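Here is how the chains run, residue by residue.
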Amino acid sequence: MSEKKPAVLVIDDDEAIRDSCSQVLQKSGFAVTLSSDGNEGLEKTMAMKPDLVLLDLKMPGIGGMEVLEKMLQLDDQIVVIVITGYPTIESAVEAIKKGAYDFLPKPFTGEELRVVVRRGIERRNLVIESNQLRREKERLEKNFISMVSHQLRSPLANVQQYFEVILQGFAGDMTPKQREILEKQQRNVTELLKLIEDWLSMARIDREVVQKRLQSVSPAELFEGIREALEPMAAKDNVQLKFASLKALPCASAVPELMKEAFSNLIHNAVKYNRPGGEVSVTGRAGDDFVEIEIADTGIGIEEAALPRIFDEFFRPQEAPGEKTGFGLGLAITRKIIDAHSGSIHASSTPGRGTTFTVLLPKA
Amino acid sequence: MEKNRNILVVDDDPDFVDAIRIILEGASYSVDFAYDSKSGYEKLMSNTPDLLLLDVMMGRGAEGIIFARKMRKEEKLKKLPVLMITSIREQTGFFFPGQVEHPHFLPVDELVEKPVEAKTLLKKIEALLVKA
């Protein structure tokens, strides 16, 4: 902060306070502007956009509290320190509740003033910096998503397309060994594409978009679709899918495709981390405002220590028996989808015996 | 089945065009191609094919969509079957696979996603040509 002096605005009807503040702060390297009443102070706030405001609470005309509120409406990053004429803790507390950063009881020494103002400026810089970082992060995320969409996915799609050309015999015959190798590579690329897809859908699930697209979704219909899609995989792993009748359940307020994705992920996991001969049961209940869906498996379970982290991106609790694990995005996507619906998801588990996921969704 | 029908592929990705061309020629279609929308449009007008395979994301954005809209205003291209190829859904009004968010938004007949299985591609093309 060596180039630009932090700007401090002092609003106080007491000339002696204004002058002494001005002297002390200018000596300490601040650019100081003075104002003797609330309305003028607000005008100066608009005009000069100070970093920090020292505001007297007890002034004739427009009172300090009102100035404070209006000031924060003008600039929600501004740091306001209130000066309380009487060290009444009540008014200071009220001001801080309204958004003031700190208070300074009169009378105060020059040193006290400097300490409080310096701390306030540090705060201001932190707030600005973190907002800038947040904006930068959002910008990067957005750009990265379109970058991923195009630059990363296209060449992989081409590789995949050429594999398809060769494997379907469009480029001539090949030996069984060559075919075997190509098929392995095709699987690798498929996995990589899946990762990019997952990652993209992760970034794409947006609460606002979801809230705009909500419709009535019948759990019975939803799970019928999921069952059809996942039955073959479950049969292959010798895991039984048991769906209770969900016909009596009321509709949930949801985006059908997203719900399908969220629950498919859960049931897919329940099958993948199961044991041969095990089962996955899906049951439902209606609450007052929510529809509750429970997915219980008889699988390997999740260690207690890992349980709080299973919804984190790229977290993988343990290897599924005999299979390569995924990238650890499935549950993260599921939770993000459910959160965007204003629902909730909870997991409980007994290692060696199974895991149960409970999902609450708002009723339609 | 009637073969040697003409298909025009408009896509700015030469590798993808090449792979698709091999598949289509393998299935006895005559294939012409263009790597940008301008020359694609010229070919479409001068030597109208039986079917158009059109990429969504070309040039600086979703040029394929503008392309499709523009050609639907030409009398002789109004009924031409268009199969649109896309590798990105979220930027083009598509939310999830197979679901067109704004059906009126895209004046095309069918969609396939990159990469596409040869079987799927050929089946869709055949269906569109039969219908046409």
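(A) Layout of the overall build of chain A. Looking only at helices and strands, one finds 10 helices and 12 strands in chain A. The 364 residues of chain A split such that 44% are buried. As displayed, chain A offers around 19300 Å² of accessible surface, 52% of which is attributable to carbon and sulfur atoms.

(B) Up close: the pattern of salt bridges. All names here are of chain A. Per the stated rule, a full pass over the model turns up 29 salt bridges over all chains. Here Lys177 and Glu180 are joined by a salt bridge, their closest N and O atoms 3.8 Å apart. You can see Lys177 and its partner Glu180 sitting in helix α6 (residues 176-204), 3 residues apart, about one turn around the helix. The class for Glu180 is partly exposed, based on a relative accessible area of 36%. A salt bridge links Glu279 to Lys242; the nearest nitrogen and oxygen atoms lie 3.4 Å apart. In this pair, Glu279 sits in strand β9 (residues 279-286) while Lys242 sits in strand β7 (residues 240-243), placing the two residues 37 residues apart along the sequence. When its relative accessible area of 35% is taken as the criterion, Lys242 is described as partly exposed. In the salt-bridge network here, residues are joined through shared partners; they are Asp12, Asp56 and Lys106.

(C) Spotlight on the packing of α6 of chain A against helix α10 (residues 330-340) of chain A. Residues and elements named next belong to chain A. The interhelical angle for the contact between α6 and α10, taken along N-to-C directions, is 20°, at an axis separation of 10 Å. Between α6 and α10, the interaxial angle falls into the category roughly parallel. Remark: the crossing between α6 and α10 carries left-handed chirality. Every residue of α10 that contacts α6 at Asp198, Ser201, Met202 and Ala203 is listed here: Ala332, Ile333 and Lys336.

(D) Summary view of the pairing of strand β12 (residues 354-362) of chain A. All names here are of chain A. For β12, the tally of buried residues reaches 8 of 9 residues, placing the bulk of the element in the interior. Where strand β10 (residues 290-297) meets β12, 7 bridges bridge the pair, whose relative direction is antiparallel. When the bridges of β12 are listed, Phe290 appears paired with Pro362. Joining the antiparallel neighbours strand β11 (residues 344-350) and β12 is a turn of 3 residues, in which Gly352 adopts a positive phi near 85°.

(E) Quick look at the pairing of strand β2 (residues 30-34) of chain B. Residue and element names in this part refer to chain B. Relative to β2, strand β1 (residues 6-10) is paired through 5 bridges, and the arrangement is parallel. Paired with Val9 across the strands is Phe33, a residue of β2. In this fold, β1 hands off to helix α1 (residues 14-26), which returns the chain to β2; that crossover is right-handed.

(F) Spatial organisation of the sheet that holds strand β5 (residues 110-113) of chain B. Residues and elements named next belong to chain B. With parallel pairing, the 5 strands of this open sheet are ordered in space as β2-β1-β3-β4-β5. Sheet topology places β2 and β5 at the edges, where each strand pairs with a single neighbour. Sheet twist, expressed as the average angle between the axes of neighbouring strands with direction ignored, equals 20°.

(G) Geometry of the confidence of the model for chain B. All names here are of chain B. Put simply, chain B has an average pLDDT of 83, and 83% of its residues get 70 or more. Element-level mean pLDDT values for chain B span from 82 in β5 up to 97 in β1. Note that pLDDT drops below 50 for residues 90-104; the model gives that stretch 36 contacts with residues more than four away or on any other chain. Here the predicted complex carries an ipTM of 0.82, next to a pTM of 0.56.

Scoring rules and cut-offs
- Residues numbered from 1 in each chain as written.
- Chains lettered and ligands numbered in written order.
- Predicted model: local features only at pLDDT ≥ 70, side-chain atom pairs only at ≥ 80, totals over all residues.
- Heavy atoms only, no water.
- Helix = DSSP H or I, 4+ residues; strand = E, 2+ residues; numbered from the N terminus.
- Buried < 20%, exposed > 50% of the residue type's maximum accessible area, 1.4 Å probe, protein only.
- Areas by Shrake-Rupley, 256 points an atom, 1.4 Å probe, with all protein chains shown as cover.
- Salt bridge = Lys/Arg side-chain N within 4 Å of Asp/Glu carboxyl O.
- Axes fitted to C-alpha atoms, helices over the stretch in contact; angles between N-to-C directions.
- Parallel < 35°, antiparallel > 145°, perpendicular 65-115°, else oblique.
- Left-handed = near helix turned anticlockwise from the far one by under 90°.
- Contact = heavy atoms within 4.5 Å.
- Pairing = 2+ DSSP bridges.
- Right-handed = clockwise from strand over helix to strand, strands pointing away.
- pLDDT = per-residue confidence, 0-100.

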